[in-house]
Amino acid sequence: MEIWINPACSKCRGAISLLDAEGADYTVRRYLEDVPTEDEIRDVLDRLGLEPWDITRTQEAAAQDLGVKSWARDGSSRERWIKALSEHPKLIQRPIITADDGTAVVARTEEAVRDALSR
């Protein structure tokens, strides 16, 4: 499994601590440094079963600068959102764990991390 993290994020550090406590085999991706491509974001969205606006941190300064709150949330706008996430990775909700079974979870809670571990 892989976990996308921002080391400055307390939820990310908590998820890593839980993975370590459970002896999980995982790799860390510091997604602000190793920025996901648009294709990787599409893949993660498919694995999550979510749309890009569902994982966008709309309170971030970059989101406000871009005006994402006013963007349409429909199929015709999907690529615009994905491009914004790739160009401004700080907008991506974190942490995201991609599980070995091909699924993924936004692991902001202990329950979500445990869900990923059970897959």
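This text gives an overview of the structure that appears in the document. If you're wondering where the values come from, they're calculated on a predicted model, not measured in any experiment.

**Brief notes about the environment of V68**
Move 1: Considering the arrangement of structural elements, one finds V68 in the loop between α3 (61-66) and α4 (78-87).
Move 2: Residue classification places V68 among the buried positions, given a relative accessible area of 1%.
Move 3: Taking the C-alpha atoms as reference, V68 lies 8.7 Å from W53; in sequence the two are 15 residues apart.
Move 4: In contact with V68, not counting residues within four places along its chain, are T56, T58, A63 and W81.

**Regarding the side chain of T56**
Move 1: Here T56 shows up in the loop between α2 (38-48) and α3.
Move 2: A distance of 2.7 Å separates a polar side-chain atom of T56 from the backbone oxygen of P52.
Move 3: Those residues in contact with T56 that lie beyond four places of it in its chain are V68, W81, L85 and L91.

**Details of the packing of aromatic side chains**
Move 1: Tallied over the entire structure, the rule returns three aromatic pairs.
Move 2: Aromatic side chains W53 and W81 sit 5.8 Å apart centroid to centroid with 70° between the ring planes, which places their arrangement in the edge-to-face category. Remark: W81 occurs in helix α4 and W53 occurs in the loop between α2 and α3; sequence separation between them is 28 residues.
Move 3: Under the relative-accessibility criterion, W53 is labelled buried at 12%.
Move 4: Consider the rings of W71 and W81, whose centres lie 5.3 Å apart with planes at 80°: the pair is edge-to-face. With W71 in the loop between α3 and α4 and W81 in helix α4, this residue pair connects regions lying ten residues apart in the sequence.

**A few points about the packing of α2 against α4**
Move 1: Their axes nearest at 9 Å, the elements α2 and α4 cross at an angle of 115°. By the angle class used here, α2 and α4 are roughly perpendicular. The handedness of the crossing between α2 and α4 comes out as right-handed. Contacts between α2 and α4 involve E38, I41, R42, L45 and D46 on the former and, on the latter, R78, E79, I82, K83, L85 and S86.
Move 2: Broken down by class, the residue content of the contact of α2 with α4 amounts to four nonpolar, one polar and six charged.

Reading guide: rules and limits
- Residues numbered from 1 in each chain as written.
- Predicted model: local features only at pLDDT ≥ 70, side-chain atom pairs only at ≥ 80, totals over all residues.
- Heavy atoms only, no water.
- Helix = DSSP H or I, 4+ residues; strand = E, 2+ residues; numbered from the N terminus.
- Buried < 20%, exposed > 50% of the residue type's maximum accessible area, 1.4 Å probe, protein only.
- Contact = heavy atoms within 4.5 Å.
- Polar contact = N/O pair within 3.5 Å; in protein donor to acceptor, adjacent residues only side chain to side chain.
- Phe/Tyr/Trp six-rings, centres within 6.5 Å; stacked < 30°, edge-to-face > 60°.
- Axes fitted to C-alpha atoms, helices over the stretch in contact; angles between N-to-C directions.
- Parallel < 35°, antiparallel > 145°, perpendicular 65-115°, else oblique.
- Left-handed = near helix turned anticlockwise from the far one by under 90°.
- Nonpolar A, V, L, I, M, F, W, Y, C, P; charged D, E, K, R; others polar.

Structural measurements only, silent on function.
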